[in-house]
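Residue-level structural notes
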Amino acid sequence: MHSSWWDQSWLEVDIVIVGGGIIGASVAIDVLDRRPNARVMVLERDIVPSGASTRNAGFACVGSASEILHDVQLLGTTAAIDIIEQRQRGLALLRQRLGDAAMGLQEHGAHELFTAHHPALDAVDDLNVLLRPLFNTTVFARRDDDIVRFGFGNTHALMYTSVEGTIDSGKMMAALWGMAAAKGAQFRTGCRVEAIEGNRVHVVTPEGGRTVKAEQVVVATNAWPVMVDGVVRDEYLPARGQVVVTSAIEGLALRGSYHMDEGFVYFRALGERVLLGGARNLDITGEQTFVMACSDVIQDCLCELLDTVILPGKAFSIEHRWAGMMGFSSDKRPHVDRYSPHVVRAFGCNGMGVAIGSTIAQQAADLVV
Ligand SMILES: Cc1cc2nc3c(=O)[nH]c(=O)nc-3n(C[C@H](O)[C@H](O)[C@H](O)COP(=O)(O)OP(=O)(O)OC[C@H]3O[C@@H](n4cnc5c(N)ncnc54)[C@H](O)[C@@H]3O)c2cc1C
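Thresholds applied
- Residues numbered from 1 in each chain as written.
- Predicted model: local features only at pLDDT ≥ 70, side-chain atom pairs only at ≥ 80, totals over all residues.
- Heavy atoms only, no water.
- Helix = DSSP H or I, 4+ residues; strand = E, 2+ residues; numbered from the N terminus.
- Rg over C-alpha atoms; globule rule 2.2 N^0.38 Å.
- Buried < 20%, exposed > 50% of the residue type's maximum accessible area, 1.4 Å probe, protein only.
- Contact = heavy atoms within 4.5 Å.
- Areas by Shrake-Rupley, 256 points an atom, 1.4 Å probe, with all protein chains shown as cover.
- Lys, Arg positive; Asp, Glu negative; His and termini not counted.
- Charge placed at Lys NZ, Arg CZ, Asp CG, Glu CD.
- Expected span 1.5 Å × (residues − 1).
- Arc of directions from axis to C-beta.
- Polar contact = N/O pair within 3.5 Å; in protein donor to acceptor, adjacent residues only side chain to side chain.
- Domains from an automatic or database assignment.
- Buried area = accessible area lost by both parts, 1.4 Å probe.
- Salt bridge = Lys/Arg side-chain N within 4 Å of Asp/Glu carboxyl O.
- Near = heavy atom within 4 Å.
- Nonpolar A, V, L, I, M, F, W, Y, C, P; charged D, E, K, R; others polar.
- 1 Å grid on protein atoms, 1.4 Å probe; cavity = no way out; pocket = protein on both sides within 12 Å on 5 of 7 lines; lining within 4 Å.
- Points joined across faces, edges and corners; volume = space filled by probe spheres on them.
- Core = buried A, V, L, I, M, F, W, Y, C linked by side-chain atoms within 4.5 Å.

Moving on to the overall build of the protein chain. Looking only at helices and strands, one finds ten helices and 20 strands in the protein chain. Relative to the 2.2 N^0.38 estimate, which gives 21 Å for 369 residues, the radius of gyration of the protein chain is 21 Å and therefore close to what a compact globule would have. Along the longest, intermediate and shortest principal axes, the C-alpha atoms of the protein chain span 70 × 45 × 40 Å. Considering the protein chain as a whole, with its 369 residues, one finds that 53% of them fall into the buried category. Expressed as a percentage of contacts within the protein chain between residues at least 6 apart in sequence, the contacts between residues at least 24 apart total 73%. Element-wise, carbon and sulfur atoms account for 51% of the exposed surface of the protein chain, whose accessible area totals about 15,800 Å². Positive and negative side-chain charges in the protein chain, numbering 32 and 43 respectively, have mean positions lying 6 Å apart.

Spanning 14 residues, helix 8 (residues 169-182) covers 20 Å between terminal C-alpha atoms, matching the ideal 20 Å at 1.5 Å per step. The complete set of buried residues in helix 8 reads S169, M172, M173, L176, W177 and A180. Projection of helix 8 onto a plane perpendicular to its axis shows the buried side chains occupying an angular sector of 125°, all on one side. What points out from helix 8, more than 90 degrees from its buried face, is the exposed set A174 and A182. Its buried side turned inward, helix 8 meets helix 2 (22-34), strand 2 (40-44), helix 4 (77-98) and strand 8 (186-189). For helix 8, the N-terminal capping position is held by D168, with its side-chain oxygen 3.0 Å away from the main-chain nitrogen of G170. G184 sits one or two residues past helix 8 and shows a positive phi near 120°.

What the domain assignment reports for the protein chain is domain 1 (7-54 + 171-236 + 331-368) and domain 2 (107-166 + 237-328). Here the C-alpha centre of domain 2 lies 31 Å away from the C-alpha centre of domain 1. With twelve residues of domain 1 at the contact, the number on the domain 2 side is nine residues. Both faces considered, domain 1 and domain 2 share a buried interface measuring about 840 Å² in area, 64% of it formed by carbon and sulfur atoms. Contact with domain 2 buries area across many residues of domain 1, yet W224, Y236 and N350 alone supply 43% of it, more than any other trio. The tally of links between domain 1 and domain 2 comes to zero salt bridges. Our enumeration of links across domain 1 and domain 2 arrives at four residue pairs in polar contact (both at pLDDT 80 or more).

For the ligand, the set of nearby residues contains 38 residues, the closest of which are E44, R45, S50, S53 and F59. Between the ligand and E44, the relevant distance is 2.6 Å, taken from an oxygen atom to a side-chain nitrogen or oxygen of the residue. Taken together, the residues of the shell around the ligand break down into 20 nonpolar, 14 polar and four charged.

Attention now moves to empty space enclosed by the protein. As enumerated under the stated definition, the model contains one cavity of 30 Å³ or more in all. In this structure, the largest cavity spans a volume of roughly 40 Å³. Lining the largest cavity are S64, A65, A110, H111, E112, F140, M159, T161 and H259. At the level of elements, strand 4 (110-114) and strand 6 (157-161) are the ones that each hand at least two residues to the lining of the largest cavity. For the lining of the largest cavity, the class distribution of residues is four nonpolar, four polar and one charged.

So, about the nonpolar core. Counting residues in hydrophobic clusters, the biggest one holds 41 residues, and the most contacted among them are I17, I23, V27, V31, V40, M172 and L176. If you list the elements that add at least two residues to this core, you get strand 1 (12-18), helix 2, strand 2, helix 4, helix 8, strand 20 (343-347) and helix 10 (353-368). Excluding anything up to four places from it in sequence, M172 contacts I22, S53, L94, L98, A102, M103 and I167. Residues M260, F267, L302 and L305 belong to the second largest nonpolar core, which totals 25 residues.

The structure is reproduced here in structure tokens:
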């Protein structure tokens, strides 16, 4: 579609942000905090953010004991601790920015369930020594006595941490969009960015194509590829995450959040219901997809976990189920890279965007302000 004379002033801004998830909305806030008069436009393809930020489990966490041990073994102590520190800093920034009530933060701590012996159970003291300088407290403690209190089946051991909470992800994203808009960011939904050429951002809308000019463009599309100056930038791996929510369960004893399997499985109480997600480790290849649909393999596994481990002997049905999209880098680290004089990519939550998303956004804002 040809733009009218009058359209031109609408379609020329200082900074375009592609993607309205936690990173995109946080970049808008960061930029406007530093340059209050900047013209900032967020282009989101859906009517709400439709990747991960409103489709996640709402854990405000830095990692379970078995996951941290795995990261230490995979990445080395320095890199693993650096990532945890970035998550911790991101959570602190998010809380300071929005306030706990606006995102429904509850600090009930978390438990990790072990259905069999795991090396993390022998490494608790070492992990606590590693993490004490960051948290100034003993982070992990065995709590096997609570297995009966929670009514878990097939559970060999339980580990508690106090440094974790849960949020309402819908509230968090609404608060971030509201704050960015109040600072002057223009949110444009239904705008799928097809390509970026130089300082021109080509957008597809239901009415046809449009082009927005921007001095700087921040791409915050999670794992979704973008075309920049004729090159498809698709270096990050998609990882689908599936979630189920049960019917209300009488006398539910769960409180706070729970992890299993090195972070691959997670569940929490949602009022009287249980939200359970993950298990993509059962079908790693099948879940490396951009298709936002639930699969029988994962859904059956989640239901079996509810029946045998989480809610044995309890009556419930599954009332909600959905899929969301995570993006993983090969080194599990955030990546904030300049692709061209006009384009920066902000990526790398690696399944922990509630925690690290604000830190990544800050690094992206540093490059474009
Ligand atoms: C099932 C599940 C459970 C999770 N649980 C947790 C948890 O408990 N705690 C935690 O910390 N993290 C969790 N995560 C991870 C966390 O949600 C993500 O790391 C984080 O939301 C990623 O934020 P983002 O801004 O990078 O991406 P997104 O939120 O995916 O935002 C990217 C946006 O870009 C838009 N977009 C994509 N392509 C285009 C385009 N071409 N044009 C315009 N817009 C485009 C998408 O619609 C999307 O809204 C979970 C993720 C999933 C899927």
